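Reading the structure
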Amino acid sequence: MIIIFDSEATSEQIHEIMDHVRNLDLTPYRSEGNKQDLIGIIGDTDKIGSNLQSHPAVKELVQTDRDYKLASRDFQSQDTAISLPHTTVGSDQPTIMAGPCAIESYEQTVSTARHVKEHGATLLRGGAYKPRTSPYSFQGLGEEGLEILQQVKNEVDISIVTEVMSPDNVNLVNQVADVFQIGSRNMQNFPLLKEVGKTDTPILLKRAMSGTLREFLLAAEYILREGNREVMLCERGIKTFQNATRNTLDLSAVPVLQEKTHLPVIIDPSHASGNNTYVPALAKGAVAAGADGLLVEVHPDPPSARCDGEQSLTFEQFKTLIPEIQAHASVSADTGM
Ligand code: PEP
Ligand code: MN
């Protein structure tokens, strides 16, 4: 349920109603991104009864049957914008996050960070902890990888998005991450979602490869409920019957999510295609469709990458792509997409 307050409602009246809701053992969430003052209530809202409708401070009681609430546009009509040290995600220009799949060495990381920053990325991506399908594949450098990220962050002055895979590691990864990445395989790792939800570090939540958009939004809801409102949703390709590409980019996720939620939508064309020759087309399509940003894999020498080399752009490919992205972003702004 959503309670929309009258424009004349005083803050005492609003607090009085919030206390009333709490006394019924329900949790009220105040929305701040709206022109209207409102609270969302989660739980068995039948207890509230309709007599609240006649309270002088209440303009309207809206029953919503959506099972995600804080993520929905009913709760917050205005887009969420997330301020990071070098960019705002959810502004006019798409945010570019780029870098290797995995942190492999200081040299590999620093050279990539310098290159992607010079050509328009404001975040360096790269995993110190890698969720690999096979237990025999490279699992990431772990703490050594985090130390490399910290050193490169200081030297290059770029923000860091890096994956956290377990609740126990949230504090450690938080020391270097400007944005936590929650990988596809962990979209429904509920203890992990709750743990990052307790921090105030922004989160890039990747869609599970077989996750519906409803499940995706409910995963975001787990984080929002804990108090962290800075969640970006990242579509990274889903499993379908076709096998010409690693996954299938679900570009419809951009307009559908933007209709249903106020959270920024990011596209990862690298995991979607699995092939660096297809990445530029998907990246341009994503920004033309109105995505708020891109997560792109880039490596100084893709054939030697320890992880996801086939889908990593070379430095030259990345440099060529960025001006094309900017042209497509202005197409989406002109058409109001
Ligand atoms: C990654 O970004 O390198 C990654 C492992 O992505 P996903 O979780 O989408 O597979
Ligand atoms: Mn990868």
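Further up the page is the structure itself.
Okay, so let's go over this structure. (Residues numbered from 1 in each chain as written. Chains lettered and ligands numbered in written order. Predicted model: local features only at pLDDT ≥ 70, side-chain atom pairs only at ≥ 80, totals over all residues. Heavy atoms only, no water.)

**Here we look at the sheet that holds strand β1 (residues 2-5)**
Here four strands make up an open sheet; going across it, the order is β2-β3-β1-β4 and the pairing antiparallel. Bordering the open sheet on either side are β2 (27-31) and β4 (58-62), each of which pairs with just one other strand. Going from strand to strand, the sheet's axes swing by 20° on average, the running direction of each strand aside. Against the sheet, helix α1 (residues 11-23) touches β1, β2, β3 (38-42) and β4, its axis set at about 150° to β2. (Pairing = 2+ DSSP bridges. Helix = DSSP H or I, 4+ residues; strand = E, 2+ residues; numbered from the N terminus. Axes fitted to C-alpha atoms, helices over the stretch in contact; angles between N-to-C directions. Contact = heavy atoms within 4.5 Å.)

**Some words on the pattern of salt bridges**
For the structure shown, the criterion picks out twelve salt bridges. Linking Asp-37 and Arg-30 is a salt bridge whose minimum nitrogen-to-oxygen distance equals 3.1 Å. Take Asp-37: its relative accessible area is 30%, and that puts it in the partly exposed class. Between Asp-268 and Lys-206 there is a salt bridge; the shortest N-O distance is 2.7 Å. Taken as a pair, Asp-268 in the loop between β13 (265-267) and α8 (269-273) and Lys-206 in strand β11 (residues 203-206) lie far apart in primary sequence, 62 residues in all. Note on accessibility: Asp-268 and Lys-206 belong to one class, buried. Through salt bridges with shared partners, a single ionic network connects Arg-207, Glu-235 and Asp-250. (Salt bridge = Lys/Arg side-chain N within 4 Å of Asp/Glu carboxyl O. Buried < 20%, exposed > 50% of the residue type's maximum accessible area, 1.4 Å probe, protein only.)

**Structural notes on the site of ligand 1**
In the neighbourhood of ligand 1, the contacting residues comprise Cys-101, Arg-125, Lys-130, Gln-181, Gly-183, Ser-184, Arg-185, Lys-206, Arg-236, His-271 and Glu-297. Arg-185 is positioned with one of its side-chain polar atoms (N or O) 2.9 Å from an oxygen atom of ligand 1. Note that an oxygen atom of ligand 1 is positioned 3.1 Å from one of the side-chain N or O atoms of His-271. The fraction of the free accessible surface of ligand 1 (290 Å²) that becomes covered by protein chains is 97%. (Near = heavy atom within 4 Å. Polar contact = N/O pair within 3.5 Å; in protein donor to acceptor, adjacent residues only side chain to side chain. Areas by Shrake-Rupley, 256 points an atom, 1.4 Å probe, with all protein chains shown as cover.)

**Looking at the side chain of Asp-250**
Its location among the elements puts Asp-250 in the loop between β12 (231-235) and α7 (253-260). A polar contact of 3.2 Å, which involves the side chain of Asp-250, links it to the side chain of Ser-252. Sequence-distant contacts of Asp-250, defined by excluding residues within four places in its chain, comprise Arg-207, Glu-235 and Ile-238.

**A few points about the environment of Glu-155**
Locating Glu-155 in the fold gives a position in helix α3 (residues 143-156). Residue Glu-155 is classed as partly exposed on the basis of its relative accessible area of 39%. For the pair Glu-155 and Ala-113, spaced 42 residues apart in sequence, the C-alpha to C-alpha distance is 9.7 Å. The contacts of Glu-155, once residues within four sequence positions are left out, are Tyr-106, Val-110 and Arg-114.

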